[in-house]
Structures are given as structure tokens and as C-alpha cells.
Amino acid sequence: MVLTDVPTKIVYERPESLDPRVTHYCPGCTHGVAHRLVAEVLEEMGEIENTIGVAPVGCSVFAYNYFDFDFVEASHGRAPAMATGIKRVLPDCIVFTYQGDGDLASIGMGEIVGAASRGELITVVFINNANYGMTGGQMAPTTLPGQKTTSSPTGRDVNRQGYPIQTAELLSTLEGSAYIVRRSLHSVREIRQAKKAIRTAFEVQKHGLGFSLVELLSTCPTNWGLTPVEARDWIEERMIPVFPLGDYKISPAVADLKI
Amino acid sequence: MAKELIKGNTAVAEAALRAGLQAYFGYPITPQTELLEHLSARMPELGRAFVQAESELGAINMVYGAACTGKRVMTSSSSPGVSLMMEGLSYIAGTEVPAVLVDVVRGGPGLGNIAPAQGDYNQIVHGGGHGDYHMIVLAPASVQEAVDLTVLAFDLAEKYRNLVAVLLDGSIGQMMEPAELPPMQPLKQDTPDWAVRGTHGGEKRVLTSINLDPPAQEVMNLRLMKRWQEIEKNEIRYKGYYLDDAEYVVVGFGTAGRISLSAVRAAREKGIKVGLLRPISVAPFPEAIIDELTQRVKAFLVVEMNSGQMLDDVRLVVRGRKPVEFFGRMGGVVPFPDEVLTEIERLVEGPLTTEGHPRNRWLARLTETIG
Amino acid sequence: MPAKGYIDVNELYCKACKLCVTDCPFDVLALDMERLTPKGYHPAYMINPEACTGCGICATVCPDVAITVYRYERHKTEA
């Protein structure tokens, strides 16, 4: 009899509900992390077969290729409206949107405020990377003052181009919002916090407690002109002062929720 | 069921409900708001979905979402609101999911006014959202017809996985007439095999209108076109009045057709052999009957409450073989039967021509009338 | 000290972003400059496998979910 040590115990592996497909996201783009967290949370909740996702227009326009559950494709900004339509007729399904800054905070502002104010029982995963990624790095409502983008080439001039919109803060003022938080994906610690927030958000929906949204500060190495590692530092040093992490709205019912 | 005196908008709303409407998403806009208001009370009463959206943009996208689940869903609006919905309609068509749009048309363009018009014919029949697609468009001329066509709209939408528009002139939406509402249908229980529903052990379904690969998009476009050919074959609807021995034919849809009927009857009293062709499906367009009439009548008079939009579709079929004249009022002005009778008499007196464009001749006459 | 953990990088997914290389607390990982993945990236690999504890930090930060993390187990086998 011989005792041998073999690395057979799997401590972590790729979730089954992520399709075995290479993503088109850039190296180091934290969309991949966000996708993974959503897949893990829904798997852990046993809701994969009961979920319908709504994909946006943006870098994640093909999100429906990466998750192994039902998905629909919205037009730009309208995902919260589509999600409303689906959830109102299929109230027992988990319905979520996955949106970027242009989709949610620019063209879709009417739809997101409408959905939040109505307290729609949907969950929104909001990826904030301070620019319009898919179309090549233009200024977004979340672009920082002074930040250079392809449509603010000398840096965002607040006098002519206004100030960034702080979505979590904005939506937290609405009575229909039950759970509005901002997290980040730029470090291991923050990723773990983000996963907990995403879990809470979906539980809020499952318990019918109101509208839930998790804003996730994400990297965009390509359009920021930084390496993936530098891009994470940029979130820490530049984005967090403008978009502080934290819990912006926790309704009393959500506070009592035991997960 | 007995007839009741009921307003067009209300009747259409209740008819949709009884046809098994499972979700309504809309936004207030005159002259169709009563439809929204009626459903805001009735849908929750029956435990069905109702949302007054943040805008027509929101409403049409809520329709899009619900349509992806295979449920019976509807929205309603009027001209400026329908313009806002155009993107959503294109997406719905591109995803091949069924939905019903009730368009209660008012004077335009722009904010226009809240009076009845037919100025959106081109928008709904020929244009609308971007891309190669067609909506089935049904044009009622009475409250009863609006009720019946609304019920039909859901069946057609599902049969063909196509958008269906019920095109009401503002007048039809607003007026009160006796009409019989259909009995309450039970809600559909089954889910189509293309609908999203949560996989529940089955295969994942994705509903999208993206086709990045042009050959793949073309295959999809071809599918839509073949479907349209099927629809053209099977879903032509129109009504003919006094056509058997007609020497002149008035062509008009909706309210214009209805007003023209009064004029045609008055003309018959005067011994003029005139008939009326009232298209009920303006898309697909009743080409065959117009072609048949072209062989045997002396001339056509197209009457519309716009600047001559269906006129061009009639001319396309007639192909210059017989004279086609036009009479219209625009901007929400509703013509009187007398005006149409005068036009019929002018047609009979002649001389008529197949040269030039009837719109220009009409504009010259209209300029004299209204300056 | 023998390794407690072991990681596997699926080279179909790895895009050489170096987040795992940077974040590994024990400097286990590096990009393999001698090889290219089918997509043309230098994949991450364990350059220092003895130091791996199977903590899973690399898998947590990997945006392409390319990493599987194992821990060693003691097995009895026939000699």
C-alpha cells in the first residue's frame, strides 16, 4: 500500500451555466468576471433553469452566447422595459438585465428610472467602465471630468460636456428601489463583495421586495489605453473617488432578508 | 350578445381583452387614451398585466419583451407616439414575434392636432421601422368592424408570427356606435416552441434580431418575404358596394371609405353608376380586385384623409390603363359626403386623363377652396 | 514544503491579461513566452508549482474563467 498525494480535489471550476465559449471581450476586461459571478449566483440559487436574461447593446451585446439559459436581445437602452414586459407576464421567472453605461445611463435613462420607480421585480447588473466600449471609447455619462475619450479628446470639459451621472445615488432616491449598491471588480476582495451583492439582488427579486440594481465598476483596458493590471489601479485611484462603493438603498424589507 | 352603445377606443380595448389579451403596455396620447384607461381598470381586475410605461419607447419595448414569451400582447398609440415606437416595431419584426399595435391616427406631421386623419398610411403600410419587413394592416370603418378586426389581429399575429396593426382613424376611436362585443375567450395556456420561458430542463432559447453575418441575415430576410407572400395570398380583405354594374369606382379606406359610401348612394340616386371599393386590409393590398375593376370601369376616384397615400398604391395597380383621380382633406379635416359627391359628378362630367399626377390636379382645386 | 494546490489554465480561454500572474500571493504563475495559444496569446502557467496552495485567487480574478483550481488529496493506492 502506497500513499500518494494527487491534486484531485477540485476547489474551483468554471460554472456549467457559462457556455464553453471564448468570449469576444478584451484581455483583462472585467465583463468576464461579472458574467461568472452572475452564473455562479444563479447556479447556487438553483435558478438557472428559471431565468431569462435581457442583453443590451454594448460590448455585452452577445451576452446571450455566454450563458446557458434563455435570453432576449433588447434595443439600446430599452432592456429594463423588455424585462418589465417579460416579468409582468412570467412573474415566477427570474428576469435580469445586464447593461453598460451608455445603455443604462444615457439612452436608457428613461427606461431605468421608469422601471425603478415602478418597483419592477427585476434585477439590473450595471457595468460602469466610464466610456462607450463597443463603439470605440466615446464619452459616456459616467466619463470622469478631464478624462480623455474619442469624443472628448482634450479631456471632459465640465463646462461644455457636463458632469458624470452617479447612477446608484440617482436611483436610490426612488421609493420603488429596494436594493441599490455599488461594488467593484478591480481586486479579489471587491470581486467577493460584488458576488455577495449580486446574490442579494437576485434574492430581493425572488422574495418580491422591489427593484434591485448592482453597479459594478469595471475595467476597459483597451479604451483607457492601459494594461489590464494598470486599469484596475485606475478604478481604485480615479473612479472610486467619483463613484464611491457602498450601499445606496437598502429598503427595510431587504435589511431583514436572511440569505 | 346584445349590442351596446360604445366608444371605439373602449370597444377595441374590451374586444382585445375578450380575445385573450394577456398584457397591455401603453402611454396616454389623444385620441386613444380611453383605450389605455379602460384597460388600466380591466386588466388588473382579471389579474392580467397592465403598465402605463414611461413613454411610448418604453411601451413598445415592454411589448417586445412580453411578445418574446409568446403571450398575447398589445399596445396602442397615435401618430407621434407611433413614430416613437418605430424602432421597437422593427425589432419585433426582426425577432419574428407576434404583437398587435392599435394606431389611432390624428392630424400631422409633428404635434399636429387631435383631429382624425389618415396621414400615417405610408408610415404604417410602407415605412415605419427600418429594414425589410411588412406589417399586416387592418383598417376598420366602424366601431363594430374595429371590434371584429381587433380579435382577428391576434389570430393573424400568432398564425404568421407577424406584427398586425389595427389602423383606426381618430374618428373611429372617438365615436360611439352600437356594437356587439365578442364573448370572453379563455387565456391561452400553451407556450409556442420558440418562446423564452426559463429552460426548465429544455434547450436554451435566444430571441434576437442580430445577424452579423450578411448571408445569414439574407436568409432571414428571405424567410420574412416568403411569409409576406403567404399573407398576400391568404389575408386580403375588402368590401365592395354597388360594384357589379359600376362604371366609376370610388376607393377609400376607414372613415374616408365610409363617408364615400354615403356619397356613392347619393350619386346612385341621381342615376350615376358608381360603386365603392373599401379595402379592409391595406396591407396586404387588394390588388387583384382593383386589377379586375380596371378592366371594366371608366375611372377611379380615390378618397382619403391625407395627401394621397393609398392613391399611389391604387395607381400602381391601375398602371395608367384608366384615369385615376383623387380627392382628399388633410390636417384633421374630415370631408363631408357632399364634397365627395361633387367629386364623383366632376369625374362623370370629365374630361379625364391618365396623364400627369392626380395629386397635382387635386392640389390646384384645393388651393382654390382653402386658399 | 510540497505544494498543497495545483491549477490548470485552459488555453482556449486564456488571453494573457496577467491578472492572475499579478495577484497570485505566492508568485506561482507567469506567462509562457515559449508558447502561443490558438488565439495567439502567451498562456499563463505554473512556473513555480511547488508554491501553489490552491487558494483560488487566480481563478477569482481571471476574466475568462480559464482556471480550474485543485488541492492535493492523499490517496491509498496498491504498490
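For the structure, check the block above.
Summary of the structure given here. (Residues numbered from 1 in each chain as written. Chains lettered and ligands numbered in written order. Predicted model: local features only at pLDDT ≥ 70, side-chain atom pairs only at ≥ 80, totals over all residues. Heavy atoms only, no water.)

## What to know about the overall build of chain B
Regarding its fold elements, chain B presents 13 helices and 15 strands. The C-alpha radius of gyration computed for chain B amounts to 21 Å, which stays within 12% of the reference 21 Å derived for 371 residues, consistent with globular compactness. In terms of its C-alpha atoms, chain B occupies a principal-axis envelope of roughly 75 × 50 × 40 Å. Looking at chain B as a whole, 58% of its 371 residues are labelled buried. When contacts within chain B are restricted to residue pairs at least 6 apart in sequence, those whose partners lie at least 24 apart make up 80%. Just so you have it, chain B exposes about 14400 Å², and 53% of that area is on carbon and sulfur atoms. (Helix = DSSP H or I, 4+ residues; strand = E, 2+ residues; numbered from the N terminus. Rg over C-alpha atoms; globule rule 2.2 N^0.38 Å. Buried < 20%, exposed > 50% of the residue type's maximum accessible area, 1.4 Å probe, protein only. Contact = heavy atoms within 4.5 Å. Areas by Shrake-Rupley, 256 points an atom, 1.4 Å probe, with all protein chains shown as cover.)

## Points about a negative patch on the surface
Judged by side-chain charge, Glu13(A), Glu16(A), Glu43(A), Glu49(A), Asp68(A) and Glu203(B) come together as a negatively charged surface patch. Topologically, Glu43(A) is positioned in helix α1 (residues 31-44). Taking the relative accessible area as the measure of exposure, Glu43(A) reaches 34% and is therefore partly exposed. (Patch = residues over 30% accessible without salt bridge, like charges linked within 9 Å, V, L, I, M, F, W, Y side chains within 5 Å. Salt bridge = Lys/Arg side-chain N within 4 Å of Asp/Glu carboxyl O. Lys, Arg positive; Asp, Glu negative; His and termini not counted. Charge placed at Lys NZ, Arg CZ, Asp CG, Glu CD.)

## Topic: the sheet that holds strand β3 (residues 49-52) of chain B
All names here are of chain B. Strand order in the open sheet made by the seven strands is β3-β2-β4-β5-β7-β6-β13, with mixed pairing throughout. A single partner strand is all that each edge strand has here, and the edge strands are β3 and β13 (281-283). Pairwise comparison of adjacent strand axes, ignoring direction, gives a mean angle of 20° for this sheet. The pairing of strand β6 (residues 136-138) with β13 spans two bridges and is antiparallel. Across the sheet, residue Leu 138 finds its bridge partner in β13, namely Ser 281. Running over the sheet, helix α3 (residues 56-67) touches β2 (23-26), β3, β4 (73-78) and β5 (99-105) and is turned about 160° from β4. (Pairing = 2+ DSSP bridges. Axes fitted to C-alpha atoms, helices over the stretch in contact; angles between N-to-C directions.)

## Some words on the pattern of salt bridges
Residue and element names in this part refer to chain B. Counted by the stated rule, this structure contains 48 salt bridges over all chains. Lys 270 is the salt-bridge partner of Glu 345, the closest N and O atoms lying 2.7 Å from each other. Of the two residues, Glu 345 is situated in helix α12 (residues 337-349) and Lys 270 in the loop between α9 (254-269) and β12 (274-279); the sequence distance between them amounts to 75 residues. Given the relative accessible area of 53%, Lys 270 is considered exposed. The residue Glu 339 makes a salt bridge to Arg 329 at a minimum N-O spacing of 2.9 Å. Of this pair, Glu 339 sits in helix α12 while Arg 329 sits in the loop between β15 (324-328) and α12, and the two are 10 residues apart along the sequence. One continuous salt-bridge network, built from bridges that share partners, spans Glu 325, Glu 343, Arg 346, Arg 361 and Arg 365.

## Quick look at the environment of Val137(B)
All names here are of chain B. The residue Val 137 is located in strand β6 in this model. The buried category is assigned to Val 137, whose relative accessible area is 0%. Here Val 137 is in contact with Ile 124, Val 125, Ala 165, Leu 167, Ile 280, Ser 281, Val 282 and Ala 283, once residues within four sequence places are set aside.

## Quick word on helix α11 (residues 310-318) of chain B
Residues and elements named next belong to chain B. Residues Met 310, Leu 311, Asp 313, Val 314, Val 317 and Val 318 constitute the buried set of α11. Summarising the axial view, the buried residues of α11 lie within an arc of 165°, below the 170-degree limit, and thus occupy one face. Backbone geometry just after α11 places Arg 319 at a positive phi near 55°. (Arc of directions from axis to C-beta.)

## Concerning the packing of aromatic side chains
Residues and elements named next belong to chain A. In this structure the tally under the stated criterion is 15 aromatic pairs over all chains. Aromatic side chains Phe 62 and Tyr 64 sit 5.9 Å apart centroid to centroid with 90° between the ring planes, which places their arrangement in the edge-to-face category. For the pair formed by Phe 62 and Tyr 64, the shared burial category is buried. (Phe/Tyr/Trp six-rings, centres within 6.5 Å; stacked < 30°, edge-to-face > 60°.)

## Some words on the nonpolar core
Inside soluble globular proteins, nonpolar side chains tend to come together where they are buried. In terms of nonpolar packing, the biggest core is built from 155 residues, with Phe211(A), Leu39(B), Met74(B) and Ile344(B) touching the most fellow members. A per-element tally of this core places helix α6 (residues 143-160) of chain B first, with 11 residues. Non-local contacts of Ile344(B), meaning those with residues more than four positions away in its chain, are made with Val250(B), Ala263(B), Val264(B), Ala267(B), Ile272(B), Val274(B) and Leu301(B). With 68 residues, the next largest nonpolar core counts Leu42(A), Tyr98(A), Tyr179(A) and Leu31(C) among its residues. (Core = buried A, V, L, I, M, F, W, Y, C linked by side-chain atoms within 4.5 Å.)

## Describing the packing of α1(A) against helix α7 (residues 188-206) of chain A
All names here are of chain A. The interhelical angle for the contact between α1 and α7, taken along N-to-C directions, is 50°, at an axis separation of 9 Å. One element, α1, and the other, α7, form an angle in the oblique class. Helix-helix and strand crossings are classified by hand; for α1 and α7 the assignment is right-handed. Within the contact between the two elements, α1 uses Val 33, Arg 36, Leu 37, Val 38, Glu 40, Val 41, Leu 42 and Glu 44 and α7 uses Ile 191, Ala 194, Lys 195, Ile 198, Arg 199 and Phe 202. Taken together, the residues of the contact of α1 with α7 break down into nine nonpolar, no polar and five charged. (Parallel < 35°, antiparallel > 145°, perpendicular 65-115°, else oblique. Left-handed = near helix turned anticlockwise from the far one by under 90°. Nonpolar A, V, L, I, M, F, W, Y, C, P; charged D, E, K, R; others polar.)

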